[in-house]
Amino acid sequence: MIKKLPLLIGCFFASILYSQHKFLNDPKISAADLQKTKSEIDADAPAEILYRSVHFIVDYDGSLKQEIVSRVKIYNKDNAGEYLDYEIPVFNNGKGDSEKLIDLKVVTYNWENDKITPTKITRDEKFKSKEDKNYTITKFAFANVKNGSVVEYSYTIFSPFLNSTPRTLIESKIPTRYVEFVFDHALPIGYSINYKGSVAPKHRDAGHKTLYGNQFQTHRYAYEDLPAFKDERYVLNNDNYKTGVRAELNSTLFNNIFKSYSISWKDIQKRLYDHDDFGEQLKKESLVKNLLPNEIAAMSTKVEKAAAVLKFVQNNYTWNKEDEAFTDKGIKNLITTKIGNTAEINLLLTMLLRNAGLNADPVVLSTINRGKLTTYNPSISQLNFVLASFDDNGKFYLLDGTSKLTELNMVSPRALNESGIIMSKDDAKLINVLYPEVSKTILSIDAKLNSDGTVEGKFADRDTKLYAMIANEGFTDDQKTYSKNYQDEYRFPFTNLKHQLHENNDFETTFDFSADSFVDHIGNKMVFNPLLFLYSQNHSYNQTEPRRSAIEFYSAFDRVKSVTITLPDGYKFENVPKSKKIRTEDSGIQYTYLVTQKENKLTIETTVQIDDSSFPADYYPFFKQIYDNVTKLEAQVVTAVKK
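On a predicted model such as this, the values are computed, not experimentally measured, just so you know.

## Thoughts on the overall build of the protein
Turning to step 1, where the next piece is worked out: Summing up its helical and strand segments, the protein has ten helices and 36 strands in all.
Turning to step 2, where the next piece is worked out: Along the longest, intermediate and shortest principal axes, the C-alpha atoms of the protein span 95 × 80 × 50 Å.
Turning to step 3, where the next piece is worked out: Each of the 643 residues in the protein was classed as buried or not, and the buried ones make up 53%.
Turning to step 4, where the next piece is worked out: Sequence-distant contacts, at least 24 apart, represent 72% of the contacts inside the protein between residues at least 6 apart.
Turning to step 5, where the next piece is worked out: Of the accessible surface of the protein, which amounts to about 31,100 Å², a share of 47% is contributed by carbon and sulfur atoms.
Turning to step 6, where the next piece is worked out: Distance between charge centroids for the protein: 1 Å, based on 82 positive and 85 negative side chains.

What follows is the structure, given as structure tokens:
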């Protein structure tokens with residue numbers, strides 16, 4: 001379940017009249033631009049976009065041309081690093097069709113000796129790298145950048161891929177003085193404009209025009225003086241909440257033959273099932289006839305069979321870390337090599353579930369990094385992930401074989417992106433793609449207070465369910481960095497650091513510690529916070545600006561801190577806090593501070609319970625209020641005195 005999210009789709013500007021604004025009018029660099037010392041939109045900004053133009057042309061020859069011009073003013077180069085190095089990806093589908101980058105120009109402008117001085121980078125300072133089989137990246141960095149410089153790049157990309165344009169983000173992390181999106185397409189080729197966000201253009205021009213010596217449909221939007229979009233915490237992908245524009249192919253009309261694309265998800269379903277790298281792969285049932293062990297067929301329930309088929313795929317096939325909605329080398333190659341992309345792994349999983357007698361279908365979706373699926377505007381170009389699914393007497397299950405640790409209805413976190421589409425053999429159906437259970441983080445300390453004020457004990461950090469999978473994969477990917485994170489967070493002596501995946505798939509980190517920094521001596525008394533190093537003076541729900549984004553987590557969760565402290569002989573506790581519980585009216589957020597004392601042992605257990613994976617933006621004040629109380633309650637101290 002997802003709590004109601006605020007509507008972010010902009011109403012499409014019915015009140016904006018035809019604009020006489022001149023688009024594609026790249027202004028010359030000026031002395032005033034170079035002599036400015038701060039942004040008029042935000043005086044503290046390290047940089048601002050002076051001019052940015054994104055121009056797409058779909059011509060009558062069936063090619064897509066993308067022309068980009070970007071000019072950025074640098075006020076503080078030490079804090080503007082991400083605007084000084086760029087990467088331009090060029091796509092190759094591996095089947096003979098590829099994009100082409102031309103006319104890349106990279107210039108830094110400075111004001112020197114009362115004149116504008118340009119510095120261009122040479123051909124040798126641009127370089128290409130092959131990131132994977134589909135992408136070649138051209139990388140460059142600006143030269144001679146100083147505080148006050150203006151950096152500018154421009155380039156053109158020719159593409160044979162007409163299904164959609166890349167999403168153009170209108171808002172940026174720095175202020176923007178001017179940005180425009182221009183899309184001109186030949187009349188026989190129809191496009192829908194997918195507009196998402198809350199910022200309306202200051203200038204708009206749309207309609208049929210004579211352009212480039214022929215008839216075109218144009219869509220032009222320009223924006224001025226936009227403040228920086230500040231990323232917010234507890235958001236899976238902040239780009240989902242930025243205003244953005246994308247054009248999606250919907251039809252063609254050539255030789256009086258009309259062809260429709262992407263009108264509904266049912267149309268997408270037909271295209272997928274007709275595709276060589278999707279539906280045609282699912283038809284190759286003979287490939288999987290004898291793959292499964294015989295004991296799976298003998299299992300009594302569908303759930304048992306599904307869990308066994310998932311485990312079979314996890315044990316025998318490995319994801320190559322490429323998320324795609326289509327197979328690359330095909331199911332036959334996956335069976336042979338044991339390695340494949342997301343589509344190959346999970347289409348095979350779907351085929352094996354069907355082979356085991358289950359009513360299984362693939363589910364297609366967009367990953368978190370790709371952005372939320374715009375379900376109201378169907379298109380194949382949004383899709384880059386496949387799951388398997390099956391129905392058991394009306395109860396629906398999702399499966400993901402790309403991770404070795406997933407279970408039924410547990411999918412990789414990168415795919416927990418709210419929505420997906422079941423693509424059955426004859427229909428398409430929108431579903432929620434969420435983790436339905438509660439994940440837990442349990443931080444526990446069993447400690448002994450010594451009479452000299454030192455504290456020694458054992459610490460355990462245990463994650464369950466989805467959080468355990470995330471922790472284990474983080475550890476597996478880079479064990480050294482994972483361990484160092486604990487050394488950075490807990491700055492006191494500890495030993496015997498261990499990380500362990502348990503048989504039930506819980507993941508746990510433990511260490512032993514001994515420190516003299518947790519206790520204050522006041523006369524013959526020892527005063528300390530009973531949560532020891534698990535107490536935090538601040539919390540991160542401290543945003544002062546109005547919240548724009550939903551509050552998002554991978555999973556509903558419980559976060560538990562449990563600390564047991566044993567006093568030395570001859571000591572007793574004084575000023576022991578009382579238990580308390582607070583919650584929101586709907587119990588969406590609950591907090592418990594539980595105190596248990598037995599002779600010279602004191603246990604403090606605190607629990608934060610968040611009952612959903614997503615909350616609307618206007619819920620943010622409730623999070624802040626609860627966590628204000630959490631910080632206050634957990635600041636309480638106890639006293640140990642001699643009897």
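## Quick look at the nonpolar core
Turning to step 1, where the next piece is worked out: In this structure, Phe 459, Phe 513, Leu 532, Phe 533 and Phe 623 are the most contacted members of the largest nonpolar core, which totals 55 residues.
Turning to step 2, where the next piece is worked out: Broken down by element, the residue count for this core peaks at six residues, all from helix α10 (residues 620-634).
Turning to step 3, where the next piece is worked out: The next biggest cluster of nonpolar side chains, apart from the first, holds 44 residues, and it includes Leu 348, Met 351, Ala 360 and Leu 373.

## With respect to the packing of aromatic side chains
Turning to step 1, where the next piece is worked out: Under the counting rule described, the total for this entry stands at 52 aromatic pairs.
Turning to step 2, where the next piece is worked out: Taken together, a centroid distance of 4.6 Å and an interplanar angle of 40° make the contact between Phe 492 and Phe 533 tilted. You can see Phe 492 sitting in the loop between α9 (479-489) and β25 (494-501) and its partner Phe 533 sitting in the loop between β28 (525-528) and β29 (551-552), a full 41 residues away along the chain. Of the two residues, Phe 492 and Phe 533, neither departs from the other in class, the shared state being buried.
Turning to step 3, where the next piece is worked out: With a centroid separation of 4.2 Å and 20° between ring planes, the pair formed by Phe 494 and Phe 511 is classed as stacked. Of the two residues, Phe 494 is situated in strand β25 and Phe 511 in strand β26 (residues 507-515); the sequence distance between them amounts to 17 residues.
Turning to step 4, where the next piece is worked out: A network of ring pairs unites the aromatic residues Phe 459, Phe 475, Tyr 482, Tyr 486, Tyr 490, Phe 492, Phe 494, Phe 507, Phe 511, Phe 513, Phe 518 and Phe 533 as a single cluster.
Turning to step 5, where the next piece is worked out: Arg 414 extends its terminal NZ or CZ atom over the ring of Trp 319, reaching a point 3.8 Å from the ring centre.

## Side note on the domain arrangement of the protein
Turning to step 1, where the next piece is worked out: Domains assigned within the protein are domain 1 (31-259), domain 2 (265-432) and domain 3 (439-642).
Turning to step 2, where the next piece is worked out: Taking only C-alpha atoms, the centre of domain 1 and the centre of domain 2 are 35 Å apart.
Turning to step 3, where the next piece is worked out: Contacts between the two partners involve 16 residues from domain 1, matched on the other side by 16 residues from domain 2.
Turning to step 4, where the next piece is worked out: Taking both sides of the interface into account, the surface hidden between domain 1 and domain 2 amounts to around 1,200 Å²; carbon and sulfur atoms contribute 36%.

## Here's the deal with the pattern of salt bridges
Turning to step 1, where the next piece is worked out: This structure, assessed with the given rule, holds 32 salt bridges.
Turning to step 2, where the next piece is worked out: One salt bridge in this structure joins Glu 67 and Lys 65, with 3.4 Å as the shortest N-O distance.
Turning to step 3, where the next piece is worked out: Classification of Lys 65 as partly exposed rests on a relative accessible area of 23%.
Turning to step 4, where the next piece is worked out: One salt bridge connects Lys 173 with Asp 231, and the closest N-O pair in it is separated by 3.6 Å. With a gap of 58 residues between them, Lys 173 in the loop between β9 (168-169) and β10 (176-186) and Asp 231 in the loop between β13 (214-226) and β14 (244-254) connect regions that are remote in the sequence.
Turning to step 5, where the next piece is worked out: For Asp 231, a relative accessible area of 40% corresponds to the partly exposed category.

## Side note on helix α7 (residues 342-355)
Turning to step 1, where the next piece is worked out: With 14 residues, α7 should reach 20 Å at 1.5 Å per residue; the first-to-last C-alpha distance of 20 Å fits that figure.
Turning to step 2, where the next piece is worked out: Counting buried residues along α7, 13 of its 14 residues qualify, which places the element largely inside the surrounding structure.
Turning to step 3, where the next piece is worked out: If you check the start of α7, you find a side-chain oxygen 3.1 Å away from the backbone N of Ala 343, and it comes from Asn 341.
Turning to step 4, where the next piece is worked out: One or two steps after α7, the chain reaches Gly 357, where phi turns positive at roughly 95°.

## A closer look at the sheet that holds strand β5 (residues 115-120)
Turning to step 1, where the next piece is worked out: Strand order in the open sheet made by the eight strands is β5-β4-β8-β2-β1-β10-β13-β12, with mixed pairing throughout. Strand pairing shows two members of the sheet lacking a second neighbour, β5 and β12 (203-211), which therefore form its edges. Here the strands of the sheet are splayed against their neighbours by 15° on average, with no regard to which way each runs.
Turning to step 2, where the next piece is worked out: With ten bridges connecting them, β10 and β13 associate as antiparallel partners.

## Description of the side chain of Ser 129
Turning to step 1, where the next piece is worked out: Mapping Ser 129 onto the fold places it in strand β6 (residues 127-130).
Turning to step 2, where the next piece is worked out: Residue classification places Ser 129 among the buried residues on the basis of a relative accessible area of 17%.
Turning to step 3, where the next piece is worked out: Beyond its immediate stretch of four places on either side in the chain, Ser 129 contacts Tyr 135, Thr 136, Ile 137 and Lys 139.

## Here we look at the UniProt feature "domain: Transglutaminase-like" (unreviewed entry) in the protein
Turning to step 1, where the next piece is worked out: Mapped onto this numbering, the UniProt entry annotates "domain: Transglutaminase-like" (unreviewed entry) at residues 297-364.
Turning to step 2, where the next piece is worked out: Between the C-alpha atoms that bound residues 297-364 there is a distance of 27 Å. The span itself is 54% helix and 15% strand.

## Topic: the pairing of strand β4 (residues 100-112)
Turning to step 1, where the next piece is worked out: Sheet topology note: the β4/strand β8 (residues 150-159) ladder contains eight bridges and is antiparallel. Its bridge partner lying in β8, Val 107 is registered against Glu 152.
Turning to step 2, where the next piece is worked out: Sheet topology places β4 next to β5; six bridges connect them, and they run antiparallel. What sits directly across from Val 107, in β5, is Lys 120.
Turning to step 3, where the next piece is worked out: Between the antiparallel neighbours β4 and β5 lie two residues, among them Asn 113 with a positive phi of about 55°.

## Some remarks on the environment of Leu 226
Turning to step 1, where the next piece is worked out: Mapped onto the elements of the fold, Leu 226 is located in strand β13.
Turning to step 2, where the next piece is worked out: Taking the C-alpha atoms as reference, Leu 226 lies 22 Å from Asn 147; in sequence the two are 79 residues apart.

The rules we used
- Residues numbered from 1 in each chain as written.
- Predicted model: local features only at pLDDT ≥ 70, side-chain atom pairs only at ≥ 80, totals over all residues.
- Heavy atoms only, no water.
- Helix = DSSP H or I, 4+ residues; strand = E, 2+ residues; numbered from the N terminus.
- Buried < 20%, exposed > 50% of the residue type's maximum accessible area, 1.4 Å probe, protein only.
- Contact = heavy atoms within 4.5 Å.
- Areas by Shrake-Rupley, 256 points an atom, 1.4 Å probe, with all protein chains shown as cover.
- Lys, Arg positive; Asp, Glu negative; His and termini not counted.
- Charge placed at Lys NZ, Arg CZ, Asp CG, Glu CD.
- Core = buried A, V, L, I, M, F, W, Y, C linked by side-chain atoms within 4.5 Å.
- Phe/Tyr/Trp six-rings, centres within 6.5 Å; stacked < 30°, edge-to-face > 60°.
- Lys NZ or Arg CZ within 6 Å of the ring centre and 35° of its normal.
- Domains from an automatic or database assignment.
- Buried area = accessible area lost by both parts, 1.4 Å probe.
- Salt bridge = Lys/Arg side-chain N within 4 Å of Asp/Glu carboxyl O.
- Expected span 1.5 Å × (residues − 1).
- Polar contact = N/O pair within 3.5 Å; in protein donor to acceptor, adjacent residues only side chain to side chain.
- Pairing = 2+ DSSP bridges.
- Axes fitted to C-alpha atoms, helices over the stretch in contact; angles between N-to-C directions.
- UniProt positions renumbered as here; feature names shortened; annotations may be inferred.

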